[in-house]
Amino acid sequence: DSVIISGTFTGNGTICGFGYSLNLTAFIEGFYDASSDLMVSDTVTVNLRDTISPFAIIDTYKAVLSSSGTGTFIFPNAMNGKKYYLQVMHRNSIETWSIVTTAFTGGSRNYDFAPAITMAFGYNMKQVDYTPVVFAFFGGDVNQDGTVDASDLSQVENDAAISLSGYVQADLNGDDFVDGSDVSIAENNVGLGVSAVVP
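Let me begin by describing the structure that accompanies this report. Bear in mind that the values here come from a model prediction, so they are computed numbers and not experimental data.

What follows covers the sheet that holds strand 6 (residues 70-75). Strand order across the open sheet formed by 3 strands is 6-1-10, with mixed pairing between neighbours. Each end of this open sheet is capped by a strand with a single partner; those strands are strand 6 and strand 10 (108-112). Going across the sheet, the axis of each strand differs from the next one's by a mean of 20°, ignoring polarity. Relative to strand 6, strand 1 (residues 20-25) runs antiparallel, the two sharing 6 bridges. Along strand 6, the bridge assignment pairs Leu 24 with Gly 71.

With respect to the secondary-structure elements, Arg 49 resides in strand 4 (residues 42-49). There is no salt bridge for the buried Arg 49, and the closest opposite charge comes from Glu 95, which lies 5.6 Å off by N-O distance. Side chain to side chain, Arg 49 and Gln 87 meet in a polar contact 2.7 Å long. Setting aside residues up to four positions removed in sequence, Arg 49 forms contacts with Pro 54, Phe 55, Ala 56, Ile 57, Ile 58, Tyr 84, Tyr 85, Gln 87 and Trp 97.

This part takes up the packing of aromatic side chains. Enumeration according to the criterion identifies 12 aromatic pairs in this entry. Taking 5.8 Å as the distance between ring centres and 80° as the angle between the ring planes, the aromatic pair formed by Phe 55 and Tyr 85 counts as edge-to-face. Remark: Tyr 85 occurs in strand 7 (residues 83-90) and Phe 55 occurs in the loop between strand 4 and strand 5 (57-65); sequence separation between them is 30 residues. Taking relative accessible area as the criterion, Phe 55 reaches 13% and is therefore assigned buried. Under the relative-accessibility criterion, Tyr 85 is labelled buried at 12%. For the ring pair Phe 113 and Phe 137, a centre distance of 5.1 Å and an interplane angle of 80° mean the geometry is edge-to-face. Taken together, the residues Phe 113 in the loop between strand 10 and strand 11 (126-130) and Phe 137 in the loop between strand 12 (133-136) and helix 1 (150-161) connect sequence positions 24 residues apart.

A word on the pattern of salt bridges. Under the counting rule described, the total for this entry stands at 3 salt bridges. Between Glu 29 and Lys 126 there is a salt bridge, and its shortest N-O distance comes to 3.0 Å. Of the two residues, Glu 29 is situated in the loop between strand 1 and strand 2 (32-33) and Lys 126 in strand 11; the sequence distance between them amounts to 97 residues. Residue Arg 91 pairs with Asp 42 through a salt bridge whose shortest N-O separation is 2.7 Å. In this pair, Arg 91 sits in the loop between strand 7 and strand 8 (96-97) while Asp 42 sits in strand 4, placing the two residues 49 residues apart along the sequence. You can call Arg 91 buried: its relative accessible area is 12%. Overall, Asp 42 belongs to the buried group, its relative accessible area being 4%.

Procedures and definitions
Residues numbered from 1 in each chain as written. Predicted model: local features only at pLDDT ≥ 70, side-chain atom pairs only at ≥ 80, totals over all residues. Heavy atoms only, no water. Pairing = 2+ DSSP bridges. Helix = DSSP H or I, 4+ residues; strand = E, 2+ residues; numbered from the N terminus. Axes fitted to C-alpha atoms, helices over the stretch in contact; angles between N-to-C directions. Buried < 20%, exposed > 50% of the residue type's maximum accessible area, 1.4 Å probe, protein only. Lys, Arg positive; Asp, Glu negative; His and termini not counted. Salt bridge = Lys/Arg side-chain N within 4 Å of Asp/Glu carboxyl O. Polar contact = N/O pair within 3.5 Å; in protein donor to acceptor, adjacent residues only side chain to side chain. Contact = heavy atoms within 4.5 Å. Phe/Tyr/Trp six-rings, centres within 6.5 Å; stacked < 30°, edge-to-face > 60°.

Below is the structure:
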C-alpha cells in the first residue's frame, strides 16, 4: 500500500520530517563527575528565543542530556538562516542562555557550552573540571525563580533532614537522594549570589 499526499504546503518546512535539529553539549554542576569526565544524565528544556526584546519563545523542546553532556533537540518552527538565542532550563539549575545568536544551516546547528565560560550569556557558568576544561550550569535553583537563595537552601536542608529520595527538585547531584552534598552545592551558590543572567 502507498499513500499519496498532494496539495500546497506553506511555512518553514521541516528537515527529516521532524524539524531543525540542535546538537547541544552542556553539563550541570553537581551532576558532573570530574574523575570520570561524565555526568548523571538528565532532562533539560531548550527554548529558541528571538534576538529582539522581549526575546519571544519561538519553539521549545525537551530531551535528555547523555552522560557525555550531549543531546539532540528538534524544532519544527525554526528557520534556516534566522538567528536565535538558546535558553536552557533544568529542574534545579539556573537558566542559562547562549552568549551568541546563531542560525541553523542546512537544518542543523551545533552549540557547546562546556569548553569556555564565554559560551554562556553573562559568563554565567561554573568551572567543574580542569583536565579537560569543563564549565557547567550553576545548580541550586530548586524553586526555579532565577536565583539561588535562602528559599532554595531551606528546601534542600528540609529534604535532607527527612532523607528524601527519588527524582526530586532538591537532588542537586542526581543521585536520587537529598543529603549533605546537595546542601553544600546550595550553600556555596547562595554565598556566591548566583542568579540568572539574561539578555
